[in-house]
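# Structural overview
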Amino acid sequence: MFMHGLLVLLHLVLLALSISTIEHLVISESDYGAWLSVLGTSTQAFYTLYCVILVYLVQRLTLYQNLIRHQKLTILHDNVNAWSGLGSALQCLWQQSSTTGSFWWIVFIATYLGCVFALHVASSSILQLQTFTTATNMSATTFSHWPDPNVDMMGLQWHTISAIVPSLGHFTSSLNAGLSGATLYDTVQADGVIGNATVDATTFRAECGLLRNSELSFTPKLNSNQFGDYMVDPQVSGRKQTLKWPSRLVPPYQDQLTVSSTMSLIFPGPTIVFMTSTDVDDSLKSETIQHMNWEYQSDDGPQAPIISTVLDTHLIACNMYVERHTATVDMGTGQLLALLPPPIISPPSDWKAWTAPKGDNTWDTWSLPRAGKYNNYPVNIGNNYRKWFVAPFKSGAMHPVKICMTQSAATCRGISLLGLYFMKEIGLHVVLDEQASRPPPPSGPKKVLCSRSQFESSLSKIFASLLWTGAKLGSNAGGFDPTPGSFVISRQVTKWRLNINLLPLVVALSASLIMLILSMYMSGGMHRQKSKTPIDSAGVLQIIWLTNRLRVLKDLMREVDDPREDVLRSAGMLEVDLLQGLNTQE
């Protein structure tokens with residue numbers, strides 16, 4: 001039984017491979033569904049064809065074994081009929097309760113066919129493709145939206161950049177990769193890669209406070225074309241003595257806010273100063289209030305007298321800090337997932353007095369502050385005599401309508417689009433039209449300024465948006481080029497490997513061993529005498545031929561009038577030797 005032994009050997013080899021897991025070396029990255037279907041179909045087809053051959057060979061050998069044996073005719077019938085299929089074998093086994101003599105032979109045939117059925121069932125799951133994840137390293141390109149130290153921030157086209165920032169909120173989050181609130185994070189360019197990456201991130205954080213009028217004040221003079229005197233305390237300027245010099249200052253209209261570039265330049269660090277004409281809900285109101293003159297004319301005549309009224313304002317100084325983080329981003333969508341350490345979130349709180357920046361707050365590497373003069377006034381100035389974060393408010397895109405006190409151009413103040421956007425973010429909705437160019441004198445109750453945390457959060461988001469927009473525009477469109485970088489990412493890839501399932505393999509091995517033993521027992525070595533039998537099957541034609549040749553069969557059938565199964569089986573309980581009878585006839 002060479003073919004049975006070959007099947008057992010195949011299963012032993014598969015068992016050895018399964019124990020050593022060598023089959024896992026067969027790895028594929030192709031379509032899992034297609035390969036799974038091909039593998040399952042081909043394995044089952046092999047087992048089906050192989051078992052058909054085995055059943056055919058064993059059936060032929062056992063048929064001859066039954067033909068040459070001296071046994072009852074009914075037992076011969078059962079032994080031959082049991083090979084018709086597993087159902088027939090079980091039926092013949094059931095019939096042995098009334099007719100004994102071939103019980104174990106039928107059990108062997110049923111067991112053999114049952115093993116064939118077990119092989120057919122187990123064959124589809126012996127070999128399967130198993131999914132697993134593995135890490136593969138690949139290089140990716142990152143782009144930082146934080147400017148390089150060599151970027152000339154005052155050379156950027158803030159007119160274009162500041163006009164774009166107010167519209168960023170109208171875009172979907174997928175288009176704003178690299179920007180999340182007040183955080184700028186590196187974006188990753190790795191085509192076809194999914195998963196998370198760890199990159200650098202920078203968050204703006206504003207710390208704002210009300211300036212005491214004892215630290216910085218502006219005292220206007222009547223009928224002096226908006227001129228007055230600045231008084232700067234050493235705590236603000238960083239100098240040893242109080243500074244005083246004359247300058248012109250046009251205050252914002254009631255319930256509005258503006259950036260004071262002159263006051264911002266006074267501070268040595270990254271500090272920006274706002275002047276607001278809103279009310280401030282704070283216990284320090286008396287210590288921080290600034291009394292300004294609002295001048296207006298009662299009519300439009302060129303000789304109309306100038307009338308002055310008092311406009312109370314407040315100065316807000318914001319120290320800008322940056323925090324470095326490690327960011328986790330989704331490489332597929334480019335969205336920010338997490339920051340470590342988490343950014344500091346300030347709870348809603350009342351306004352407080354301004355304090356000098358803490359520590360060495362020198363993040364402004366593009367406009368390093370230095371002592372000097374601006375328009376002959378002693379201030380701290382940087383590159384191009386300005387701080388870059390003031391430029392978008394003062395040199396950015398301007399609204400075409402200006403607010404003027406009188407007919408003199410010296411009393412007019414323009415409002416930038418970025419300033420209007422910032423006021424909207426903190427709850428100050430300003431509508432400008434031609435009638436607003438010469439507003440009536442301030443009167444009535446004022447609006448109350450928003451909370452300090454809302455003010456700081458909105459300002460921080462604006463600065464992050466400015467840099468992100470500048471990086472998106474690039475140097476050819478008025479911005480700056482993002483800083484490229486590279487890093488190695490560990491990519492989790494799903495692959496498929498060949499896997500041998502142990503349980504179906506054990507079932508198949510057991511079935512093949514049983515089939516080998518049964519085939520050796522049932523065939524009995526008759527393959528050496530196969531040429532001596534005159535028939536090679538036990539079909540209807542062969543039975544007719546045997547009945548015509550053998551007198552014992554002819555006489556037996558002549559005495560049976562009822563063809564029912566039980567009658568025929570009772571009549572067949574006659575000892576016959578078909579091969580001997582055929583040889584005698586010859």
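All values derive from a computational prediction rather than experimental measurement.

## Things to note about the overall build of the protein chain
Helix and strand counts for the protein chain come out as 17 helices and 21 strands. Pairs at least 24 residues apart make up 76% of the contacts formed inside the protein chain by residues separated by at least 6 positions. Carbon and sulfur atoms make up 57% of the accessible area of the protein chain, which totals about 28,900 Å².

## Observations regarding the packing of aromatic side chains
Under the definition given, this model contains 20 aromatic pairs. Taking NZ or CZ as reference, Arg205 lies 4.8 Å from the ring centre of Tyr321, over its face. A cation sits over an aromatic face here: Arg324 above Trp146, 5.0 Å from the ring centre.

## A few points about unusual backbone geometry
With an omega of -10°, the peptide bond running from Leu340 to Pro341 counts as cis. Looking at where Pro341 falls in the secondary structure, it is placed in the loop between strand S15 (336-340) and strand S16 (370-374). Positive phi, normally seen in glycine, also occurs at Asp255, with a value near 65°. With respect to the helices, strands and loops of the structure, Asp255 is situated in the loop between strand S10 (243-248) and strand S11 (257-259).

## Details of the state of the cysteines
Inspection of the entire model under this criterion finds two disulfides. Each disulfide pairs two cysteine sulfurs, and for Cys208 the partner residue is Cys318, the sulfurs being separated by 2.0 Å. Its S-S torsion of about 110° marks the bond between Cys208 and Cys318 as right-handed, since a negative value means left-handed. On the criterion of sequence distance, the pair formed by Cys208 in strand S7 (residues 196-210) and Cys318 in strand S14 (residues 306-330) is long-range, its members being 110 residues apart. Among the residues examined, Cys318 registers a relative accessible area of 0% and is labelled buried. Two residues share a disulfide in this structure: Cys404 and Cys412, whose sulfurs sit 1.9 Å from each other. Negative torsions about the S-S bond denote left-handed disulfides, and the value of about 110° found for Cys404 with Cys412 makes this one right-handed. A relative accessible area of 12% places Cys404 in the buried class. Once the disulfide-bonded cysteines of the protein chain are ranked by sequence position, their pairing pattern turns out to be 1-2, 3-4. Of all cysteine sulfurs in the structure, the one in Cys115 sits closest to Cys51, which takes part in no disulfide; the separation is 9.8 Å.

## Notes on the packing of helix H11 (residues 417-425) against helix H12 (residues 452-473)
For the pair H11 and H12, interaxial distance at closest approach is 9 Å and the crossing angle is 145°. Seen from above, H11 lies across H12 with right-handed handedness. Residues Leu418, Tyr421, Phe422 and Glu425 of H11 pack against Gln454, Phe455, Ser458, Leu459, Ile462 and Leu466 of H12.

## Re the nonpolar core
Counting 59 residues, the largest nonpolar core has Phe204, Ile272, Phe274, Phe393, Phe455 and Leu459 as its most contacted members. Looking at this core, the element that brings in the most residues is H12, giving nine residues. Residue contacts for Phe274: discarding those within four places in its chain leaves Leu257, Thr258, Val259, His314, Leu315, Ile316, Cys318, Phe393, Phe422, Phe455 and Leu459.

## Side note on the confidence of the model for the protein chain
Summarising the model, the protein chain shows a mean pLDDT of 79, and 75% of its residues fall at 70 or more. Note on residues 363-377: pLDDT under 50 across the span, and 52 contacts to partners over four residues away in sequence or across chains. Scored below 50 in pLDDT, residues 379-386 makes 39 contacts in the model with residues more than four places away or belonging to other chains.

## Points about H12
With 22 residues, H12 should cover 32 Å at 1.5 Å per step; its first-to-last C-alpha distance of 32 Å lies within 8% of that length. Burial of H12 is extensive: 17 of the 22 residues sit out of reach of the surface.

## Some remarks on the pattern of salt bridges
Tallying each qualifying case throughout the model produces seven salt bridges. Ionic pairing is found between Arg212 and Glu215, a salt bridge with its closest N-O pair at 3.9 Å. For Lys221, the salt bridge is made with Asp229, and the minimal N-O distance between the two is 3.9 Å. For Asp229, a relative accessible area of 18% corresponds to the buried category. In the salt-bridge network here, residues are joined through shared partners; they are Arg205, Glu207 and Glu323.

## Brief notes about a nonpolar patch on the surface
Side chains of Phe2, Leu6, Leu9, Leu12 and Val13 sit close together on the surface and give an oily, nonpolar patch of about 490 Å² of accessible area. Looking at the element boundaries, Phe2 is found in helix H1 (residues 2-20).

## Thoughts on the pairing of S10
Within a regular strand, side chains alternate between the sheet's two faces. Burial along S10 is one-sided: the residues Leu243, Trp245 and Ser247 are buried and none of Lys244, Pro246 and Arg248 is. Across six bridges, strand S9 (residues 227-232) lies against S10 in antiparallel orientation. Its bridge partner being in S10, Met231 is matched across the sheet by Lys244.

## Thoughts on the environment of Ser308
Note on placement: Ser308 falls in strand S14. We classify Ser308 as partly exposed; its relative accessible area is 33%. Separated by 16 residues in the primary sequence, Ser308 and Met292 place their C-alpha atoms 9.7 Å from one another. Those residues in contact with Ser308 that lie beyond four places of it in its chain are Leu222, Asn293, Trp294 and Glu295.

## Things to note about H11
Considered for burial, the residues of H11 that qualify are Leu418, Gly419, Leu420, Phe422 and Met423. Contacts made by the buried residues of H11 are with helix H6 (158-164), S11, strand S12 (271-276), helix H10 (391-394) and H12. Of the residues trailing H11, Gly427 is marked for its positive phi of about 95°.

## Some points on the side chain of Ser277
Topologically, Ser277 is positioned in the loop between S12 and helix H9 (285-288). The exposure class assigned to Ser277 is buried, which follows from its relative accessible area of 0%. In terms of polar contacts, Ser277 uses its side chain to reach the backbone amide nitrogen of Asp255, at 3.0 Å. If we skip the residues at most four places from it in the chain, Ser277 touches Pro252, Tyr253, Gln254, Asp255, Gln256, Leu311, Asp312, Thr313 and Lys446.

## Describing the sheet that holds S10
The three strands are arranged S8-S9-S10 in an open sheet whose pairing can be described as antiparallel. The sheet terminates laterally at strand S8 (216-220) and S10, the two strands that pair on one side only. On average, adjacent strands in this sheet sit at an angle of 25° to one another, irrespective of strand direction. Bridging between S8 and S9 involves five bridges; their strand directions are antiparallel. Paired with Thr219 across the two strands is Asp229, which belongs to S9.

What counts, and at which threshold
Residues numbered from 1 in each chain as written. Predicted model: local features only at pLDDT ≥ 70, side-chain atom pairs only at ≥ 80, totals over all residues. Heavy atoms only, no water. Helix = DSSP H or I, 4+ residues; strand = E, 2+ residues; numbered from the N terminus. Contact = heavy atoms within 4.5 Å. Areas by Shrake-Rupley, 256 points an atom, 1.4 Å probe, with all protein chains shown as cover. Phe/Tyr/Trp six-rings, centres within 6.5 Å; stacked < 30°, edge-to-face > 60°. Lys NZ or Arg CZ within 6 Å of the ring centre and 35° of its normal. Disulfide = S-S within 2.5 Å. Buried < 20%, exposed > 50% of the residue type's maximum accessible area, 1.4 Å probe, protein only. Axes fitted to C-alpha atoms, helices over the stretch in contact; angles between N-to-C directions. Left-handed = near helix turned anticlockwise from the far one by under 90°. Core = buried A, V, L, I, M, F, W, Y, C linked by side-chain atoms within 4.5 Å. pLDDT = per-residue confidence, 0-100. Expected span 1.5 Å × (residues − 1). Salt bridge = Lys/Arg side-chain N within 4 Å of Asp/Glu carboxyl O. Patch = residues over 30% accessible without salt bridge, like charges linked within 9 Å, V, L, I, M, F, W, Y side chains within 5 Å. Pairing = 2+ DSSP bridges. Polar contact = N/O pair within 3.5 Å; in protein donor to acceptor, adjacent residues only side chain to side chain.

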